[in-house]
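Chain by chain, the residues:
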Amino acid sequence: MFVIPDKFEHAERFIDGMARVKLDGTYGFINQKGEWALKTVFENLRDMYEGIAPAKGKDGWGYIDRKGKEIVPAIYEHAQPFSEGLGRVKKSSFGFVDGTGQVVVKLIYDNARDFKDGVAAVKKGKKWGFVDKNGNVIIQPQFEEALDFCSGLAPVLSSGKWGYVDKTGNFIIPPQFENAMNFVRIE
């Protein structure tokens, strides 16, 4: 038995009491009763985190709030859900915006990951490093690959082996592994 009728063309999981859905070419969010919590006219949406969702309009990706109001103009090639108060965007290069649309980490990176533990992995050329929420480089790009920080450590690939660095860039666990994953915080 369905709690919510099976009528949607596309449906995602519930996050903060809302699920992203598509019906008759329209994207929006439903509540846990299957009622529209927010019906939009956008071509596409991504999940809403921190009360903000990436939304695709005719000119590109931007962000909307819980009421469907555009809070960051749809001018980007790419936009990811907010994490720790910032959204990862791409306009030729990657950077980060805040909820007012202000660019807080310059769009100068070849790739980037979301903010975790107050920092984000960024790629410049062929190397990964880390920046803080003000855009300051805290670990210079030097790694072949870098994943997210969790509990103060991040897995990085150096000379073909994985190890773990702290936020100063010092190896706490030297590169020695064929593969590594992020630590998981269990609360």
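What comes next is a walk through the structure. (Residues numbered from 1 in each chain as written. Predicted model: local features only at pLDDT ≥ 70, side-chain atom pairs only at ≥ 80, totals over all residues. Heavy atoms only, no water.)

### Concerning the overall build of the protein
Counting its secondary structure elements, the protein contains zero helices and 20 strands. Once the C-alpha set of the protein is aligned to its principal axes, its extents read approximately 50 × 40 × 25 Å. For the protein, long-range pairs separated by at least 24 residues make up 27% of all intrachain contacts whose partners lie at least 6 apart in sequence. Summed over its atoms, the accessible surface of the protein is roughly 10000 Å², and 49% of this surface lies on carbon and sulfur atoms. Across the protein, the centroid of the 26 positively charged side chains sits 3 Å from that of the 25 negatively charged ones. (Helix = DSSP H or I, 4+ residues; strand = E, 2+ residues; numbered from the N terminus. Contact = heavy atoms within 4.5 Å. Areas by Shrake-Rupley, 256 points an atom, 1.4 Å probe, with all protein chains shown as cover. Lys, Arg positive; Asp, Glu negative; His and termini not counted. Charge placed at Lys NZ, Arg CZ, Asp CG, Glu CD.)

### Some remarks on the sheet that holds strand 6 (residues 52–57)
Taken in spatial order, the four strands make up an open sheet running 5-6-7-8, and their pairing is antiparallel. Only two strands of the sheet have a single partner each, and these edge strands are strand 5 (44–45) and strand 8 (70–76). (Pairing = 2+ DSSP bridges.)

### Considering the packing of aromatic side chains
With the rule as written, the count across this model stands at five aromatic pairs. Taking the centre distance of 4.9 Å and the plane angle of 85° together, the rings of Tyr63 and Phe82 count as edge-to-face. Within this pair, whereas Tyr63 is found in strand 7 (residues 60–65), its partner Phe82 is found in the loop between strand 9 (78–79) and strand 10 (87–91), the two being separated by 19 residues in sequence. Plain terms: the ring middles of Phe143 and Phe171 are 6.1 Å apart, the flat faces sit at 90° to each other, and that makes the pair edge-to-face. (Phe/Tyr/Trp six-rings, centres within 6.5 Å; stacked < 30°, edge-to-face > 60°.)

### Regarding the side chain of Ser83
Take Ser83: it is sitting in the loop between strand 9 and strand 10. Classification of Ser83 as buried rests on a relative accessible area of 8%. In terms of polar contacts, Ser83 uses its side chain to reach the backbone carbonyl oxygen of Phe115, at 2.6 Å. Other than its neighbours up to four places away in sequence, Ser83 contacts Glu50, Asp114, Phe115 and Lys116. (Buried < 20%, exposed > 50% of the residue type's maximum accessible area, 1.4 Å probe, protein only. Polar contact = N/O pair within 3.5 Å; in protein donor to acceptor, adjacent residues only side chain to side chain.)

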